Structures are given as structure tokens and as C-alpha cells.
Amino acid sequence: DGGITQSPKYLFRKEGQNVTLSCEQNLNHDAMYWYRQDPGQGLRLIYYSQIVNDFQKGDIAEGYSVSREKKESFPLTVTSAQKNPTAFYLCASSILGHNQPQHFGDGTRLSIL
Amino acid sequence: QKEVEQDPGPLSVPEGAIVSLNCTYSNSAFQYFMWYRQYSRKGPELLMYTYSSGNKEDGRFTAQVDKSSKYISLFIRDSQPSDSATYLCAMSGRETSGSRLTFGEGTQLTVNP
């Protein structure tokens, strides 16, 4: 079945530690996205990528980094510079184009130890 | 002011009721409108997709777009307990950077048996 796989489902981070969230898709989509979801704030875009080896900052990129070495993969690193990392992180992908809906994975919940 | 406004609720209705969920927006360039359903601890799934103004029906769900009023709605007929979820509106237009979507905050719906 085609879809988006996020792992792990739950992740814990110690103070001062970087952690990486995995996102893999087999939909052959060119565009991929990372969102952060907090209660009462909806989805906020962290980074997005429209092509391999290229990505753009979203609205809340500070404290995060990404890479896009393969079309299928778009990992997100939450660095120690992100002071409030506890949130639900969602990865999405889509066909390129202004009229294309996005398809989401089932998220990773990150908490601070 | 947010580009997309959505009442977060929570909204609680009895089983069988007609539910009306709404979003207003300020960007007149938006042309593509989506509704996503998100169950607890899961990623959003695309429920309805409409282009420009008009209605679209899919089973118990009807999406309505009024571009002149910058107002979109999702109606759920004969609501079921399985409809209990958060509903997110999303939209984009030709001027949207890349393939980005702008999301509402989401409305939390509970359908009581």
C-alpha cells in the first residue's frame, strides 16, 4: 500500500540532545513537508522540499534542520536550540502544484525527559 | 489576523444530528479548498476537495464554498459517533508559495450516542 511512514511513534529527548524524526513515502511525490501541531495552534509549517537536495524554511524553522538526499525520505532533526520541542510532528507529501492536496503520516510525539 | 479562521470548538452533538463546520479566510487568491479529518493521535486524512465556488457531495458529507463571502463549510448529515474527530480546513491558490497549504486551527467534534 502506498503511504507515508513516520517513525518512531513516540520519542523522548533529554536536555541538550538532538533527535531525528524519520519520514519515508512511497507515493512518488516530489514535495514533502514537516509540520508541528500544538493544542490550540493548528498545523505550523517547519520546512518543506519540492525537489531532492533543496528545501525551504516554513514559518517556524528555528531550532530545526532537514535534509532531502532521496525523493522518498525527508528526515527532521530537532536540535538543542529548539527550546520548546514537546509537540506532535507530522510529515506530509504531495504532487507538485498549487492545487494538490497533501497526504499525511501518523505523526511522532516528541516529549522532553 | 490569521489568514484562515476556524472556531476550535469543542462541538458536541447527539447522534443523527446535522453538523455544520465553517472556516473564513481573508486571502482572495485562494481557489482550492480542502477538509481534513484527524482522529486522536493520528495524522489528518483528506475528506473533501473542492475548487472555486459551489457544492460537492460525498455520501453524508457536503462541502460548500462561497468565494464572494470568503466562507467555506462542511456539512455532516446523520452524524455518527465514528465522526468524532478534529476537522481541519485547508486552502491554497496560484500565488501560494510552492505547494503550501494554509490550515485552519481545527474544530473538535464529538458525536454522542
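Note: the structure precedes this text.
Residues numbered from 1 in each chain as written. Chains lettered and ligands numbered in written order. Predicted model: local features only at pLDDT ≥ 70, side-chain atom pairs only at ≥ 80, totals over all residues. Heavy atoms only, no water.

Caption draft 1: Quick look at a nonpolar patch on the surface. A cluster of nonpolar side chains, contributed by Tyr-10, Phe-12 and Leu-113 of chain A, occupies part of the molecular surface with about 360 Å² of accessible area. Relative to the helices and strands, Leu-113 of chain A resides in the segment after β11 (108-112). (Patch = residues over 30% accessible without salt bridge, like charges linked within 9 Å, V, L, I, M, F, W, Y side chains within 5 Å. Areas by Shrake-Rupley, 256 points an atom, 1.4 Å probe, with all protein chains shown as cover. Salt bridge = Lys/Arg side-chain N within 4 Å of Asp/Glu carboxyl O. Helix = DSSP H or I, 4+ residues; strand = E, 2+ residues; numbered from the N terminus.)

Caption draft 2: Quick look at the sheet that holds strand β3 (residues 19-25) of chain A. All names here are of chain A. Spatially, the four strands line up as an open sheet ordered β1-β3-β8-β7, and their pairing is antiparallel. The open sheet is flanked by β1 (4-7) and β7 (64-66), the only strands paired with a single partner. In this sheet, adjacent strand axes meet at a mean angle of 20° when their direction is disregarded. Sheet topology places β1 next to β3; four bridges connect them, and they run antiparallel. Its bridge partner lying in β3, Gln-6 is registered against Cys-23. (Pairing = 2+ DSSP bridges. Axes fitted to C-alpha atoms, helices over the stretch in contact; angles between N-to-C directions.)

Caption draft 3: Structural context of the packing of aromatic side chains. All names here are of chain A. Taken as a whole, this structure holds 12 aromatic pairs over all chains when the rule is applied. Seen in terms of ring centroids, Tyr-33 and Tyr-35 are 6.4 Å apart; in terms of plane orientation they differ by 25°. Their pairing is stacked. What makes Tyr-33 buried here is its relative accessible area of 0%. The exposure class of Tyr-35 is buried, given its relative accessible area of 2%. Seen in terms of ring centroids, Tyr-35 and Phe-104 are 5.7 Å apart; in terms of plane orientation they differ by 40°. Their pairing is tilted. Within this pair, whereas Tyr-35 is found in strand β4 (residues 31-38), its partner Phe-104 is found in strand β10 (residues 103-104), the two being separated by 69 residues in sequence. Here Phe-104 falls in the buried class, since its relative accessible area comes to 11%. (Phe/Tyr/Trp six-rings, centres within 6.5 Å; stacked < 30°, edge-to-face > 60°. Buried < 20%, exposed > 50% of the residue type's maximum accessible area, 1.4 Å probe, protein only.)

Caption draft 4: Region of the structure containing the interface of chain A and chain B. Across the boundary between the two partners, chain A contributes 28 residues, which contact 22 residues of chain B. Together, the buried faces of chain A and chain B total about 2,000 Å²; carbon and sulfur atoms form 51% of this surface. At the boundary of chain A with chain B, the tally comes to two salt bridges. The interface formed by chain A and chain B contains five residue pairs in polar contact (both at pLDDT 80 or more). Broken down by secondary-structure element, the contributors of at least two residues to the side of chain A that touches chain B are β4, β5 (42-51) and β9 (87-94) of chain A. By residue class, the composition of the side of chain A that touches chain B is 12 nonpolar, 13 polar and three charged. (Contact = heavy atoms within 4.5 Å. Buried area = accessible area lost by both parts, 1.4 Å probe. Polar contact = N/O pair within 3.5 Å; in protein donor to acceptor, adjacent residues only side chain to side chain. Nonpolar A, V, L, I, M, F, W, Y, C, P; charged D, E, K, R; others polar.)

Caption draft 5: How the structure looks around the pairing of strand β2 (residues 10-13) of chain A. Residues and elements named next belong to chain A. Where burial is concerned, the two faces of β2 differ: the one with Leu-11 and Arg-13 is buried and the one with Tyr-10 and Phe-12 is not. Summarising the sheet, β2 and β11 pair through four bridges and their orientation is parallel. Residue pairing across strands places Arg-13 opposite Ile-112, the latter belonging to β11.

Caption draft 6: Inspection of the side chain of Arg-100 of chain B at higher detail. Checked against the element boundaries, Arg-100 of chain B lands in the loop between β9 (85-93) and β10 (102-103). At 3.0 Å, the side chain of Arg-100 of chain B and the side chain of Asp-59 of chain A are in polar contact. If we ignore the near neighbours within four places in the chain, the residues touching Arg-100 of chain B are Leu-45, Tyr-48, Gly-58, Asp-59 and Gln-102 of chain A together with Met-91 and Ser-92 of chain B.

Caption draft 7: Here's a closer look at the nonpolar core. Trp-35, Ile-72, Leu-74, Tyr-87 and Met-91 of chain B are the most contacted members of the largest nonpolar core, which totals 24 residues. Those elements that place two or more of their residues in this core are β3 (19-25), β4 (30-38), β5 (45-51), β7 (61-66), β8 (71-76), β9 and β11 (107-112) of chain B. For Met-91 of chain B, the contacting residues outside a window of four places in its chain are Val-4, Tyr-25, Phe-30, Tyr-32, Phe-33, Ile-72, Arg-100, Leu-101 and Thr-102 of chain B. The next biggest cluster of nonpolar side chains, apart from the first, holds 20 residues, and it includes Cys-23, Tyr-64, Val-66 and Phe-74 of chain A. (Core = buried A, V, L, I, M, F, W, Y, C linked by side-chain atoms within 4.5 Å.)

Taken by themselves, the reported measurements are silent on function.
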